[in-house]
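Here's the letter readout for the chains.
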Amino acid sequence: MLRGKTVVLGVTGGIACYKAASLASALVKQHANVQVIMTENATKFLSPMLFEELTGNRTLTDTFDRNSGLRVSHIAVAEQADFLLIAPATANIISKLAHGLADDMVSTTALACTCPKAVAPAMNTHMYENPVTQDNLDILRRYGWEVVEPASGRLACGAVGKGKLPEPEVLLEVCLHALSHEKDMEGKRVLVTAGPTQEALDPVRYLTNHSSGKMGYAIAKAAAARGADVTLVSGPTQLPVPGYVTFMPIRSAEDMYQAVVSRSEQSDIIIKAAAVADYRPTQIADNKIKKSDADLSIPLERTRDILAYLGQHKRPGQFLCGFSMETEHMVENSRKKLEKKHLDLIAANNVKEKGAGFAVDTNVLTLISPTQCKELPLLTKDDAAHALLDTILELSK
Ligand SMILES: Cc1cc2nc3c(=O)[nH]c(=O)nc-3n(C[C@H](O)[C@H](O)[C@H](O)COP(=O)(O)O)c2cc1C
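So, here is what we can say about the structure in this document. (Residues numbered from 1 in each chain as written. Predicted model: local features only at pLDDT ≥ 70, side-chain atom pairs only at ≥ 80, totals over all residues. Heavy atoms only, no water.)

Looking now at the overall build of the chain. Secondary structure assignment for the chain yields 13 helices and 21 strands. Overall size of the chain, expressed as C-alpha extent along the three principal axes, is 80 × 55 × 40 Å. For the chain, the residues scored as buried account for 50% of the 397 residues in total. When contacts within the chain are restricted to residue pairs at least 6 apart in sequence, long-range pairs at least 24 apart make up 65% of them. For the chain, the exposed surface amounts to about 19,100 Å²; the carbon and sulfur share of it is 51%. (Helix = DSSP H or I, 4+ residues; strand = E, 2+ residues; numbered from the N terminus. Buried < 20%, exposed > 50% of the residue type's maximum accessible area, 1.4 Å probe, protein only. Contact = heavy atoms within 4.5 Å. Areas by Shrake-Rupley, 256 points an atom, 1.4 Å probe, with all protein chains shown as cover.)

Given below as structure tokens:
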């Protein structure tokens, strides 16, 4: 995924240095060219040799080293960099970066880097929460740095609180987010709904459907990778919450409706990929019901039609995309839905087609707009999500 990209990994003097080694290894597995730069203090925690063995590149620790093989090494490294991540970032380096100091390999290189940059602070909770550190992080944000939120838990110093370096997988996600896709959706606010809804019949049972949420999550991840500001409203699924999205978990159709209504006005693109349960009981059976007493005669009523609401309240310039699941007359039925609900695009699934529909990792979509009908081949849901977003960007030009 990162072939042809150079990640400059800055390592500074904290105990969490050891996680930087796993991160370097994970980046190499993604085919990135990884150039590690360290402060002198970081070398007291971990040997530069470890990173050299992991990355195949000489680890640079001293701007004045005449044997680095590079002319003016900090400038050469800065020019190569597609992304700079400083992890762990000490309170000291954060302070230096915020004020433009350049007196070690990491701070000097960072000052010369024009690529996207991120710091992952890791330190004792009191050091992290100190207003000086918080002000310095705000300064870095203002200068365009991404600040990776530290995790909470038991710290190496014995204290419990915020300040832990996130796990290497999370840091890898930061690099992938920065590098894996062109940011052609920057500035767009995207609202995605995903997963099933659950309608309680009684305190034990509920009505639902087979939606796994995979398609909606793939769309949310793809839009976030392309730089969009994404809100994901999701029913219960087994999927991990994607990074770089605002996550709104819900359970019932009514919850989803309320969440969507609260966000729809400020969204530029709305994609409804959720499979809302069509019916719910008019009243929930009381608590005393025994598991064997499934009362299938409970009267049902239709749940809210969220897509119809969105179509009726679409503001000028807003783009609305729905999904349809059809077992027959897919194009005709989907086109009717497109018109009736005032959609700009409908992604039609033929559930009878092999590799399409719920739970699987692939999909076969037909994208229908008022002016075109485009059949996509069998694609992974990730690729189908990007193809859908390409079409949305094309149509909303
Ligand atoms: C055992 C030990 C652990 C340390 N852990 C951290 C840490 O996790 N975060 C931090 O900001 N500073 C930590 N420090 C303090 C830094 O090492 C110190 O501020 C140093 O000047 C940082 O240098 P650098 O930013 O050039 O790497 C630690 C110091 C010691 C001795």
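Relative orientation of the contacting elements helix α1 (residues 17-29) and helix α8 (residues 168-179) amounts to 50°, with a least axis distance of 9 Å. Classified by the angle between their axes, α1 and α8 sit oblique to one another. The handedness of the crossing between α1 and α8 is right-handed. Each of K19, S22, L23, A26 and L27 in α1 lies in contact with α8, whose residues at this interface are P168, L171, L172 and C175. Taken together, the residues that form the contact of α1 with α8 break down as 7 nonpolar, 1 polar and 1 charged. (Axes fitted to C-alpha atoms, helices over the stretch in contact; angles between N-to-C directions. Parallel < 35°, antiparallel > 145°, perpendicular 65-115°, else oblique. Left-handed = near helix turned anticlockwise from the far one by under 90°. Nonpolar A, V, L, I, M, F, W, Y, C, P; charged D, E, K, R; others polar.)

What the largest pocket holds in volume is close to 610 Å³. Those elements that provide at least two residues to the lining of the largest pocket are α9 (214-225), α11 (306-312) and β16 (319-326). Per-class residue counts for the lining of the largest pocket are 11 nonpolar, 10 polar and 10 charged. (1 Å grid on protein atoms, 1.4 Å probe; cavity = no way out; pocket = protein on both sides within 12 Å on 5 of 7 lines; lining within 4 Å. Points joined across faces, edges and corners; volume = space filled by probe spheres on them.)

The next subject is the sheet that holds β16. Pairing between the strands of a sheet comes from backbone hydrogen bonds, and it takes one of two forms, parallel or antiparallel. Spatially, 8 strands are ordered β12-β11-β8-β13-β16-β17-β19-β20 in an open sheet, and the strand pairing comes out mixed. Where the open sheet ends on each side, the last strands, each with one partner, are β12 (245-249) and β20 (373-375). Along the sheet, successive strands turn relative to each other by an average axial angle of 15°, direction set aside. Here 3 bridges tie strand β19 (residues 365-368) to β20, and the two strands are oriented antiparallel to one another. Directly across from I368, in β20, lies its bridge partner C373. (Pairing = 2+ DSSP bridges.)

Cis peptide bonds are those with omega within 30 degrees of zero, and the linkage from A87 to P88 qualifies with 0°. By the element assignment, P88 lies in strand β3 (residues 83-89). Here the phi dihedral of H31 falls at roughly 70°; this positive angle occurs in a residue that is not glycine. One can find H31 in the loop between α1 and β2 (33-38). For H342, which is not glycine, the phi torsion reads 60° and is therefore positive.

Here we have 5 strands laid out as an open sheet, ordered β2-β1-β3-β4-β5, and parallel in their pairing. Looking at strand neighbours, the two that pair on one side only are β2 and β5 (146-147), the edges of this open sheet. As paired elements, β3 and strand β4 (residues 117-121) share 4 bridges and run parallel to each other. Residue pairing for β4: L85 is matched across the bridge by A118. Running at roughly 140° to β3, helix α4 (residues 91-98) makes contact with β3 and β4 of the sheet.

Capping of helix α2 (residues 48-55) at its N-terminal end is provided by S47; its side-chain oxygen lies 2.9 Å from the backbone amide nitrogen of M49. Directly after α2, the chain includes G56, whose backbone phi takes a positive value near 80°. (Polar contact = N/O pair within 3.5 Å; in protein donor to acceptor, adjacent residues only side chain to side chain.)

So, on to the side chain of H74. Within the secondary structure, H74 is located in helix α3 (residues 73-80). Of the residues examined, H74 reaches a relative accessible area of 16% and is grouped as buried. Setting aside residues no more than four positions away along its own chain, H74 makes contact with T63, M105, T108 and T109.

Before going further, it helps to examine the pairing of β4. Every other side chain in a regular strand lies on the same face of the sheet, so the side chains alternate between the two faces. In terms of burial, β4 is largely enclosed, as 5 of its 5 residues are buried. Burial along β4 is two-sided: K117, V119 and P121 and A118 and A120, pointing in opposite directions, are all buried.

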